[in-house]
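# Fold and contact review
The lines below spell out each chain.
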Amino acid sequence: MTKFVLIAALGAIASVSAAGPAAVELGKAGNYAILSKSGISTVPTSDITGNIGVSPIASTAITGFSLKMDSTNTSATSTQVTGSVYAADYATPTPADLTATIGDMEIAYTDAAGRTPPDHLNFGSGDLGGKTLGPGLYKFGSSVIIPTDCFIHGNPTDTWIFQMSGDLTMAANKRVTLVGGALASNIVWQVAGYVEVGAGAHMEGILLVKTAAHFRTDSRLNGRILAQTAVTLQSSTVTQPYLGRFLAQTADILV
Ligand SMILES: *[C@@H]1O[C@H](CO)[C@@H](O)[C@H](O)[C@H]1NC(C)=O
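The structure contained in this document is the topic of the report that follows. In this text the structure is predicted, and so the values were computed from the model without any measurement. (Residues numbered from 1 in each chain as written. Predicted model: local features only at pLDDT ≥ 70, side-chain atom pairs only at ≥ 80, totals over all residues. Heavy atoms only, no water.)

## Things to note about the overall build of the protein chain
In terms of helices and strands, the protein chain carries three helices and 23 strands. Out of the 255 residues in the protein chain, the part that is buried amounts to 47%. Counting only carbon and sulfur atoms, one obtains 58% of the accessible surface of the protein chain, whose full area is about 10,700 Å². (Helix = DSSP H or I, 4+ residues; strand = E, 2+ residues; numbered from the N terminus. Buried < 20%, exposed > 50% of the residue type's maximum accessible area, 1.4 Å probe, protein only. Areas by Shrake-Rupley, 256 points an atom, 1.4 Å probe, with all protein chains shown as cover.)

## Section: the sheet that holds strand β2 (residues 40–43)
One open sheet holds the seven strands; their spatial order is β5-β2-β22-β20-β18-β15-β12, and the pairing between them is parallel. This sheet does not close on itself; its edge strands, each paired only once, are β5 (62–63) and β12 (144–146). Relative to strand β15 (residues 168–170), β12 is paired through three bridges, and the arrangement is parallel. Across the sheet, the residue bridging to Val144 is Leu168, located in β15. (Pairing = 2+ DSSP bridges.)

## Here's the deal with the environment of Ser36
Mapping Ser36 onto the fold places it in strand β1 (residues 32–36). What makes Ser36 buried here is its relative accessible area of 0%. Residues Ser36 and Ile62 lie 26 residues apart in sequence; the distance between their C-alpha atoms is 9.7 Å. Contacts of Ser36, omitting those with residues within four sequence positions, involve Gly53, Val54, Ser55, Ile102, Ala227, Thr229, Ala230 and Val231. Of note is the side chain of Ser36, whose polar atom sits 2.9 Å from the backbone nitrogen of Gly39. (Contact = heavy atoms within 4.5 Å. Polar contact = N/O pair within 3.5 Å; in protein donor to acceptor, adjacent residues only side chain to side chain.)

## Regarding the packing of aromatic side chains
Counting across every chain of the model gives four aromatic pairs. Aromatic pair Tyr32 and Tyr86: ring centres 5.9 Å apart, planes at 70 degrees, arrangement edge-to-face. Taken together, the residues Tyr32 in strand β1 and Tyr86 in strand β8 (residues 81–87) connect sequence positions 54 residues apart. Here the aromatic rings of Phe123 and Tyr138 are separated by 5.5 Å at their centres, their planes lie at 85 degrees, and the arrangement is edge-to-face. One end of the pair, Phe123, is in the loop between β9 (120–121) and β10 (132–133); the other, Tyr138, is in strand β11 (residues 136–140), with 15 residues separating them in the sequence. For Tyr138, a relative accessible area of 2% puts it in the buried group. Put simply, the rings of Phe123, Tyr138, Phe162 and Trp189 touch in pairs and so form one group of aromatic residues. (Phe/Tyr/Trp six-rings, centres within 6.5 Å; stacked < 30°, edge-to-face > 60°.)

Okay, here's the thing in structure tokens:
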């Protein structure tokens, strides 16, 4: 039954055509729900599904997680993480793995930032509140705000890249909702500044962030936080889009 449903789903995906930019390859960074070069903090209790890692900063920059080293000293666990925790000062091969992973994160950021030409320039003057966003490359020469709910509408093979030269700010208790089968794994936010997701807000997609990402109390993300400075969580839920990525890749192979 499960197999039948999966095949039926893949058939449906394979029969629709993809729109939007070529996928941004995350490389080894795609194995992480959260990556940071300078630290990850949580005000418990957060709930993360996927691995988290810091490099080049050491494990002392992972705070609030009550880490427990595993027997090999290559990774740690936390009751707030369904997955493993990695830091640059853990035992071999973790430091070299993390160096390569952070390198892949930076390559993905540069790739996303360099895409051209945009399908939409300064869409809505950087205010996505109330908008429905179809697949495409969106370029903003400013910060972007989500002051009210917005929608990302497309099929499971469609792709989105949102490039911005400023910050991405989402108001408290607002929601980005996926419509029509759109997948968080196919949505990239390339943010030159910081990301701030307000208390109780719900965000979707892969956050490639040049500086920090702040998730306020009870905020949620279906996606990944790949940030080049600090990540701060406050009773936040971050869930990596594992199945979506698998389905999208499988569909690509079938098409
Ligand atoms: C892990 O680290 C602890 C504390 O430093 C040490 O006693 C133990 O031998 C290490 N285990 C391995 C497998 O290296």
